[in-house]
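These are the residues of each chain, in order.
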Amino acid sequence: MTEQACTGPSLYRKTVLSAMMALPLITAGCNEDQAPSGQTIATINDDEITTSDMQLEMANLPPEQRKQAQNLVVQTLVDRKILAQYAQSEGMDRNPDYVLQLRRMTELLLAERAAQQIAAGARQPITISEVNQYLDANPGIATNRRILTLDQLMFPLPNAAVAADLKLAKTMSDVITTLQRHNIQFTRNEAKVDTAGLPEDLNGKLDELQPSEPLIILNSPNSTANVIVDSKLMPLDAATAADVARQRINTQRTNDAVQQRGLALRQQAEIAYAKGYAPTSAAKSKPGSPPQS
């Protein structure tokens, strides 16, 4: 998979913030008699930075690195506040694009919090009997676990006409010919796959493949065509298999709970669509989208 170039707003944002970080630390105008105290660790004009702000910023750092990094993190927060205050003084917070992006970010954060709360309520102890039943029903996790080497093509999600042509492909060469005929760009790589991490229905499809037959998985944004070039049987020991089963059972339960709650909320909501924008009947049945591979 080729690495995408960093362009546009993302690159500009990083460049500007990096330039701010490169400025020498200046303490002029700082009155030590009025230095922040308590939970406030810095003030910028009428705004402040608290220990909670700093801790949130360092949440992804290993605990042993946080003390060493805190001064740099605080300065990063200060620089960001300065730029944000400047943007507000110029009226950028009233820009329609900014308002739209702010609303999107707020909704994403709230939706994530809601999903986490629903998932937490769905967690229940998993019994040994449930673990054994799950492993019996999903042998690809433990006894039939394999490490696969795949010849893999990755390409954008095609339209219905191209998807229909791809279904006729019997070999990887057929897939490549189809993609080239429709001027679809693709990358080719070798991929390693542990069947213990795959859904059992996907394991079943892999088991049914004939030699050199591609398994085509259409997904958004990226689809793949996969041919097994090597397979090594590597069963998991009982303890590891049980841990994997518990994780999978818990994930399934939380996903089901979030989908069921989302569907119930959708049914309670008053929703009206403009002509041509109503979802299909399949989309109406599920509030979420399938995970990306």
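The shown structure was predicted, so the numbers you read here are calculated from the model rather than taken from an experiment.

What counts, and at which threshold
- Residues numbered from 1 in each chain as written.
- Predicted model: local features only at pLDDT ≥ 70, side-chain atom pairs only at ≥ 80, totals over all residues.
- Heavy atoms only, no water.
- Helix = DSSP H or I, 4+ residues; strand = E, 2+ residues; numbered from the N terminus.
- Buried < 20%, exposed > 50% of the residue type's maximum accessible area, 1.4 Å probe, protein only.
- Areas by Shrake-Rupley, 256 points an atom, 1.4 Å probe, with all protein chains shown as cover.
- Contact = heavy atoms within 4.5 Å.
- Pairing = 2+ DSSP bridges.
- Axes fitted to C-alpha atoms, helices over the stretch in contact; angles between N-to-C directions.
- Expected span 1.5 Å × (residues − 1).
- Bend = angle between axes of the 7 residues up to and from the residue.
- pLDDT = per-residue confidence, 0-100.
- Parallel < 35°, antiparallel > 145°, perpendicular 65-115°, else oblique.
- Nonpolar A, V, L, I, M, F, W, Y, C, P; charged D, E, K, R; others polar.

Along the protein, the regular secondary structure elements total 10 helices and six strands. For the protein, buried positions account for 26% of its 293 residues. With an accessible surface of roughly 21,000 Å², the protein has 54% of that area assigned to carbon and sulfur atoms.

Here we come to the side chain of Thr 51. Relative to the helices and strands, Thr 51 is located in helix 2 (residues 51-57). Setting aside anything within four residues of it in sequence, one finds Thr 51 in contact with Gln 39 and Ile 41.

With that out of the way, let us pick up the sheet that holds strand 5 (residues 215-217). Overall, antiparallel pairing links the four strands, which are arranged 4-3-6-5 in an open sheet. Of all strands in the sheet, those with a lone pairing partner are strand 4 (187-194) and strand 5, marking the two edges. Sheet twist, expressed as the mean angle between neighbouring strand axes with direction ignored, is 30 degrees. Relative to strand 4, strand 3 (residues 146-156) runs antiparallel, the two sharing eight bridges. Across the sheet, the residue bridging to Met 154 is Thr 187, located in strand 4. Contacts between helix 7 (residues 172-181) and the sheet are confined to strand 3, strand 4, strand 5 and strand 6 (222-233), with strand 3 contributing the most and set at about 15 degrees to the helix. Along the sheet, helix 8 (residues 200-208) contacts strand 3, strand 5 and strand 6; its crossing angle with strand 5, the most-contacted strand, is approximately 150 degrees.

Below, the discussion takes up the environment of Pro 139. Position of Pro 139 relative to the elements: it lies in the loop between helix 5 (128-137) and strand 3. As for Pro 139 and Ala 196, which are separated by 57 residues in sequence, their C-alpha atoms are 8.8 Å apart.

Turning our attention to the pairing of strand 2 (residues 47-50). In terms of strand pairing, strand 1 (residues 40-44) meets strand 2 through four bridges, oriented antiparallel. Across the sheet, Thr 43 pairs through a bridge with Glu 48, a residue of strand 2. In sequence, strand 1 turns back onto strand 2 through a hairpin of two residues, with Asn 45 there showing a positive phi of about 55 degrees.

Quick look at helix 3 (residues 63-89) now. Under the 1.5 Å per step criterion, the end-to-end length of helix 3 is 37 Å for 27 residues, consistent within 8% with the ideal 39 Å. Within helix 3, the axis deviates most sharply at Ala 69, by approximately 60 degrees. The set of residues buried in helix 3 consists of Ala 69, Val 73, Val 74, Leu 77, Val 78, Asp 79, Gln 85 and Ala 87. Two residues or fewer after helix 3 comes Gly 91, characterised by a positive phi angle close to 80 degrees.

The subject of this paragraph is the side chain of Arg 145. Mapped onto the elements of the fold, Arg 145 is located in the loop between helix 5 and strand 3. Here Arg 145 falls in the buried class, since its relative accessible area comes to 13%. Here Arg 145 is in contact with Pro 139, Gly 140, Asp 194, Thr 195, Ala 196, Lys 232, Leu 233, Met 234, Pro 235 and Leu 236, once residues within four sequence places are set aside.

Here the protein averages 85 in pLDDT, while 84% of its residues score no lower than 70. In the model of the protein, helix 10 (residues 281-285) stands out as the element of lowest mean pLDDT, 48, in contrast to helix 7, which has the highest, 96. Scored below 50 in pLDDT, residues 1-12 shows seven contacts in the model against residues more than four places distant or in partner chains. Taken together, the stretch residues 25-29 has pLDDT below 50 and engages in one contact with residues farther than four places along the chain or on a different chain.

Here we come to the packing of helix 5 against helix 9 (residues 238-268). Axis angle and axis distance: for two packed helices, these are the angle between their axes and the distance between the axes, and together they describe the pair. At a minimum axis separation of 9 Å, helix 5 and helix 9 run at an interaxial angle of 95 degrees. Judged by the inter-axis angle, helix 5 sits roughly perpendicular to helix 9. Taking contact as the criterion, the partners of Glu 130, Val 131, Tyr 134 and Leu 135 in helix 5 are, on helix 9, Ala 241, Ala 242, Ala 245, Arg 246, Arg 248, Ile 249 and Arg 253. Classifying every residue of the contact of helix 5 with helix 9 by side-chain character gives seven nonpolar, no polar and four charged.

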